[in-house]
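# Notes for the structure review
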Amino acid sequence: MKIAVLPGDGIGPEIVAQAVNVLNALNINITMQEAPIGGAGYEAAGDPLPDATLQLAKEADAVLLGAVGDWKYDKLERHLRPERGLLRIRKELNLFANLRPALLYPELANASTLKPEVVSGLDIMIVRELTGDIYFGQPRGISTLENGEREGINTMRYCESEIRRIGRVAFDIAMKRNKRVCSVDKANVLETTELWRQVMIELSAEYPEVELSHMYVDNAAMQLIRAPKQFDVMVTGNIFGDILSDEASMLTGSIGMLPSASLDANNKGMYEPSHGSAPDIAGKDIANPLATILSAAMMLRYTFNDEANALKIENAVKKALAQGYRTADIVTEGCKQVKCSEMGNAVVAALN
Ligand code: IPM
Ligand code: MG
């Protein structure tokens, strides 16, 4: 098994190092090779996705990614900015299915800003389409109108086949869970998502056991805070999924807890925490590595079909939390506040 390791920027390198330690501590046959992406790619090769990095990622069975972005690159031309490297690698590898599980570990019920009774037992799978929508639609850009005023344009678009393939992913996952899919759209206003809803309804005929419901995105944002346990699988487009998954992460105590998998049609995948590069705390060894470690578990599950070792990592995370270890973002009274590397060590120690 070949893994391309792309630490990226900000806290990326420190959190990825902990996930690599965890993978190395398992008795599995993997080789890992590192390459720069994002700001690090720009520094190394003048490109947020250097050719060599893309090549390595294409040849690998899976990609483990940290995070990209730093304010110091905000002034660069858009195509040179770190985020563009991330969007391009998703597109180049055809990683259209982004799975973001929001799962509350019982030990963290008090770390959430919501009341424990609202979030305890939470287990939602957000399925976000990742290679279409307003993120990639043409035309786009900023231009100057005849009257001299500037205008910004992005285009929300989805074709049927794109909607159907992400819908399939959601329905298939629901079949292994509680058999409920909530499709999130804005069909009352946006034609793109009116089509989205129609296609989801058509597709649901192939899954008679799955209960399909629909929700407008504004209501979904509200329901996630009001009564998040009503959800099993949520499926939605790129931009709504971006927003709702950040929101859902806070239900679990911290965005530092939310892993993700981005899969192509053959379950080749890129695995990364759902959070960003947090340049403000980079290099301080205080970031939470658990989302990245849990992303490595997802890699074993989805790309390598190694459920046993995936569970081993997840149970080790549970054990480290049960032992009271907490990084700064999830610390509550009576727990042991530890650094990023210490949390990684605690998970490695808990593997056995
Ligand atoms: C995410 C991030 C990215 C996105 C950014 C960094 C481009 O927010 O993975 O959710 O918008 O998809
Ligand atoms: Mg996001």
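Residues numbered from 1 in each chain as written. Chains lettered and ligands numbered in written order. Predicted model: local features only at pLDDT ≥ 70, side-chain atom pairs only at ≥ 80, totals over all residues. Heavy atoms only, no water.

## Here's the deal with the overall build of the protein chain
- What the protein chain contains, in helices and strands, is twelve helices and 14 strands.
- Relative to the globule expectation of 20 Å for 352 residues, the C-alpha radius of gyration of the protein chain, 20 Å, shows essentially globular dimensions.
- Along the three orthogonal principal directions, the C-alpha set of the protein chain runs to about 60 × 50 × 40 Å.
- The 352 residues of the protein chain split such that 54% are buried. (Helix = DSSP H or I, 4+ residues; strand = E, 2+ residues; numbered from the N terminus. Rg over C-alpha atoms; globule rule 2.2 N^0.38 Å. Buried < 20%, exposed > 50% of the residue type's maximum accessible area, 1.4 Å probe, protein only.)

## Describing the site of ligand 1
- The environment of ligand 1 is formed by Leu 86, Arg 90, Arg 100, Arg 128, Tyr 135 and Asp 242.
- Side-chain polar atom of Tyr 135 to an oxygen atom of ligand 1: 2.5 Å apart, as the coordinates give it.
- Within the side chain of Asp 242, an N or O atom sits 2.9 Å from an oxygen atom of ligand 1.
- Within the complex, 77% of the 320 Å² of free accessible area of ligand 1 lies under protein.
- The cavity that encloses ligand 1 is the second largest pocket.
- Tallied by class, residues from the shell around ligand 1 come to two nonpolar, no polar and four charged. (Near = heavy atom within 4 Å. Polar contact = N/O pair within 3.5 Å; in protein donor to acceptor, adjacent residues only side chain to side chain. Areas by Shrake-Rupley, 256 points an atom, 1.4 Å probe, with all protein chains shown as cover. 1 Å grid on protein atoms, 1.4 Å probe; cavity = no way out; pocket = protein on both sides within 12 Å on 5 of 7 lines; lining within 4 Å. Sits in = over half its atoms within 2 Å of the grid points. Nonpolar A, V, L, I, M, F, W, Y, C, P; charged D, E, K, R; others polar.)

## Here we look at the pairing of strand β2 (residues 31-34)
- Bridge count for strand β1 (residues 2-8) against β2 is four bridges, and the pairing is parallel. Each bridged residue has a counterpart across the sheet, and for Ala 4 the counterpart in β2 is Gln 33.
- Considered for its hand, the β-α-β crossover made up of β1, helix α1 (residues 12-25) and β2 is right-handed. (Pairing = 2+ DSSP bridges. Right-handed = clockwise from strand over helix to strand, strands pointing away.)

## Comments concerning the packing of helix α10 (residues 290-302) against helix α11 (residues 307-322)
- The contact between α10 and α11 brings their axes to 7 Å, and the two run at 160 degrees. One finds that α10 runs roughly antiparallel with respect to α11. By crossing handedness, the relation of α10 to α11 is classed as left-handed. Where α10 abuts α11, its residues Leu 290, Ile 293, Leu 294, Ala 296, Ala 297, Leu 300 and Arg 301 lie against Glu 307, Asn 309, Ala 310, Leu 311, Ile 313, Glu 314, Val 317 and Leu 321. (Axes fitted to C-alpha atoms, helices over the stretch in contact; angles between N-to-C directions. Parallel < 35°, antiparallel > 145°, perpendicular 65-115°, else oblique. Left-handed = near helix turned anticlockwise from the far one by under 90°. Contact = heavy atoms within 4.5 Å.)

## Quick look at the sheet that holds strand β3 (residues 62-67)
- If you walk across this open sheet you meet the ten strands as β2-β1-β3-β12-β11-β4-β5-β10-β8-β9, and the pairing is mixed. With one partner strand each, in any of the chains shown, β2 and β9 (211-216) form the two edges of the open sheet. Pairs of neighbouring strands in the sheet enclose a mean axial angle of 25 degrees, with direction left out of account.
- In terms of strand pairing, strand β4 (residues 97-103) meets strand β11 (residues 261-263) through three bridges, oriented antiparallel. Within β11, the residue paired with Ala 97 across the bridge is Leu 263.
- Its contacts with the sheet place helix α4 (residues 82-92) against β1, β3, β4, β5 (123-129) and β12 (269-271), and it is angled at close to 150 degrees to β12.
- Here helix α6 (residues 160-175) sits on the sheet in contact with β4, β5, β8 (180-185), β9 and β10 (233-236), set at roughly 165 degrees to β5.

## Remarks on empty space enclosed by the protein
- With the rule as written, the count across this model stands at one cavity of 30 Å³ or more.
- Contributing elements (two or more residues each) for the lining of the largest cavity: β8 and α7 (191-204).
- It is α7 that provides the largest number of residues to the lining of the largest cavity, a total of three residues.
- Split into classes, the residues belonging to the lining of the largest cavity amount to five nonpolar, four polar and two charged. (Points joined across faces, edges and corners; volume = space filled by probe spheres on them.)

## Observations regarding the pairing of β5
- The element β5 is extensively covered by neighbouring structure, given that six of its seven residues are classed as buried.
- Summarising the sheet, β4 and β5 pair through seven bridges and their orientation is antiparallel. Note on β5: the bridge partner recorded for Pro 101 is Met 125.

## As for the packing of aromatic side chains
- Applying the stated criterion to the full structure yields three aromatic pairs.
- A centroid spacing of 5.3 Å and a plane angle of 55 degrees characterise the contact between Tyr 158 and Trp 196, whose relative ring orientation is tilted. Here the residue Tyr 158 occupies a position in the loop between β7 (150-153) and α6, and Trp 196 occupies one in helix α7, the gap between them amounting to 38 residues.
- The class for Trp 196 is buried, based on a relative accessible area of 2%.
- Aromatic side chains Phe 171 and Tyr 207 sit 4.8 Å apart centroid to centroid with 15 degrees between the ring planes, which places their arrangement in the stacked category. With a gap of 36 residues between them, Phe 171 in helix α6 and Tyr 207 in the loop between α7 and β9 connect regions that are remote in the sequence. (Phe/Tyr/Trp six-rings, centres within 6.5 Å; stacked < 30°, edge-to-face > 60°.)

Treat this as a map of the structure, not an account of what it does.
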